[in-house]
Amino acid sequence: MPYLFGGLVVLNAITLGYYLFLKQPSTTQTLQTAQAEITQPLAFTNSAEYIPPAIGSKD
């Protein structure tokens, strides 16, 4: 029984190592769309134009 448990632990470690280090993830359509949206330039709006004027005087 200890050999079976040890074998399962080793098999689990090998499988985990394979999926973490060797297998490259495939890109899905959702991931490709998200990457395309991230790399697009953002539209810049100058928000200083919309600031209301100061009320009162500084005197």
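Everything numeric in this text was worked out from a predicted model, so none of it was measured.

Trainee: Tell me about the overall build of the protein chain, residues and numbers included.
Mentor: If you tally the helices and strands in the protein chain, you get 2 helices and 0 strands. Relative to the 2.2 N^0.38 estimate, which gives 10 Å for 59 residues, the radius of gyration of the protein chain is 28 Å and therefore markedly larger than a compact globule would have. Its C-alpha atoms give the protein chain principal-axis dimensions of about 90 × 35 × 15 Å. Counting every position in the protein chain, which comprises 59 residues, the buried fraction comes to 2%.

Trainee: Please set out the packing of aromatic side chains residue by residue, giving values where relevant.
Mentor: For any two aromatic rings, the description comes down to two numbers: the centre-to-centre distance and the angle of the planes. In total, this model carries 1 aromatic pair according to the counting rule given. Each ring, one from tyrosine 18 and one from tyrosine 19, has its centre 5.1 Å from the other, and the planes form 75°; the classification is edge-to-face. Taking the relative accessible area as the measure of exposure, tyrosine 18 reaches 39% and is therefore partly exposed.

Trainee: Please set out the environment of leucine 11 residue by residue, giving values where relevant.
Mentor: With respect to the element layout, leucine 11 can be found in helix 1 (residues 2–22). Here leucine 11 falls in the partly exposed class, since its relative accessible area comes to 49%.

Trainee: Could you give an account of helix 1, with specific residues and numbers?
Mentor: One turn of an α-helix holds 3.6 residues; hence residues three or four places apart share an orientation. Compared with an ideal rise of 1.5 Å per residue, which puts 21 residues at 30 Å, helix 1 spans 29 Å between its outermost C-alpha atoms and is within 8% of the ideal. Burial analysis of helix 1 places just 1 of its 21 residues in the buried class, which makes it a mostly uncovered element.

Trainee: Can you lay out the UniProt feature "transmembrane region" (unreviewed entry) in the protein chain for me, pointing to particular residues and giving the numbers?
Mentor: Cross-referencing UniProt, the feature "transmembrane region" (unreviewed entry) maps to residues 6–22 in the present numbering. In residues 6–22, the share of helix is 100% and the share of strand is 0%. The end C-alpha atoms are 23 Å apart.

Trainee: Tell me about a nonpolar patch on the surface, and please be specific about residues and values.
Mentor: Together, Leu16, Tyr18, Tyr19, Leu20, Phe21 and Leu22 give the surface a local cluster of nonpolar side chains, amounting to about 740 Å² of exposed area. If you trace the backbone, leucine 16 turns up in helix 1.

Reading guide: rules and limits
Residues numbered from 1 in each chain as written. Predicted model: local features only at pLDDT ≥ 70, side-chain atom pairs only at ≥ 80, totals over all residues. Heavy atoms only, no water. Helix = DSSP H or I, 4+ residues; strand = E, 2+ residues; numbered from the N terminus. Rg over C-alpha atoms; globule rule 2.2 N^0.38 Å. Buried < 20%, exposed > 50% of the residue type's maximum accessible area, 1.4 Å probe, protein only. Phe/Tyr/Trp six-rings, centres within 6.5 Å; stacked < 30°, edge-to-face > 60°. Expected span 1.5 Å × (residues − 1). UniProt positions renumbered as here; feature names shortened; annotations may be inferred. Patch = residues over 30% accessible without salt bridge, like charges linked within 9 Å, V, L, I, M, F, W, Y side chains within 5 Å. Areas by Shrake-Rupley, 256 points an atom, 1.4 Å probe, with all protein chains shown as cover. Salt bridge = Lys/Arg side-chain N within 4 Å of Asp/Glu carboxyl O.

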